[in-house]
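Listed here are the chains, written in short residue letters.
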Amino acid sequence: MTRIADPTLVTAARRRYISRRSPMSSVRILGFGGTTSPASSTIVALSTVLDAAREGGATTELLHAGQLAIPMYEWGAAAPPDVQRFLDATRRADALVWA
């Protein structure tokens, strides 16, 4: 017979564990998005999300799509340095926020 733990004990143990560490202390979050507009409201919203994550202890990075030269639809085009920058940042991240 399988015994199920008392939910109140599990919840109390989980609270003690969470209180001992910052929930985002080792999380790396990449924010990617924006438009070509210098006054992009999308970047403002994305920055707000990343600011909140940083306050929670996460390490964040923002890549503004309007400032990267990424040839997404040019078949056979040579990849510029911004493509490698994007790939490297994506590989380092634990989570992605796209806007």
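Values in this document were obtained by computation on a predicted structure and should not be read as measured data. (Residues numbered from 1 in each chain as written. Predicted model: local features only at pLDDT ≥ 70, side-chain atom pairs only at ≥ 80, totals over all residues. Heavy atoms only, no water.)

Caption draft 1: View of the overall build of the protein chain. Helix and strand content of the protein chain: three helices and three strands. Shown N-terminal to C-terminal, the secondary structure of the protein chain runs as helices and strands in the order α-β-α-β-α-β. Expressed as a percentage of the 99 residues in the protein chain, the buried residues total 20%. Sequence separation of at least 24 residues holds for 62% of the intrachain contacts in the protein chain that already meet a minimum separation of 6. Just so you have it, the protein chain exposes about 7400 Å², and 59% of that area is on carbon and sulfur atoms. (Helix = DSSP H or I, 4+ residues; strand = E, 2+ residues; numbered from the N terminus. Buried < 20%, exposed > 50% of the residue type's maximum accessible area, 1.4 Å probe, protein only. Contact = heavy atoms within 4.5 Å. Areas by Shrake-Rupley, 256 points an atom, 1.4 Å probe, with all protein chains shown as cover.)

Caption draft 2: Local environment of the nonpolar core. One finds Leu30, Phe32, Leu63, Leu68, Phe86, Ala89 and Ala93 forming the largest nonpolar core, which totals seven residues. Sorting the residues of this core by element identifies β1 (28-33) and α3 (81-92) as the ones contributing at least two each. Each residue touching Phe86, except ones within four places of it in the same chain, is listed here: Phe32, Leu63, Ile70 and Trp98. Judged by nonpolar contacts, the second largest core, of six residues, contains Ile43, Leu50, Ala53 and Ala58. (Core = buried A, V, L, I, M, F, W, Y, C linked by side-chain atoms within 4.5 Å.)

Caption draft 3: Examining the environment of Thr35 more closely. Relative to the assigned elements, Thr35 resides in the loop between β1 and α2 (41-55). In this structure Thr35 comes out as partly exposed when scored by relative accessible area, which is 36%. Counting along the chain gives 64 residues from Thr35 to Ala99, while the straight-line C-alpha distance between them is 9.3 Å. Discounting residues that sit within four places of it in the chain, Thr35 has contacts with Ser40, Thr42, His64 and Gly66. At a separation of 3.4 Å, a polar atom in the side chain of Thr35 contacts the side chain of Ser40. (Polar contact = N/O pair within 3.5 Å; in protein donor to acceptor, adjacent residues only side chain to side chain.)

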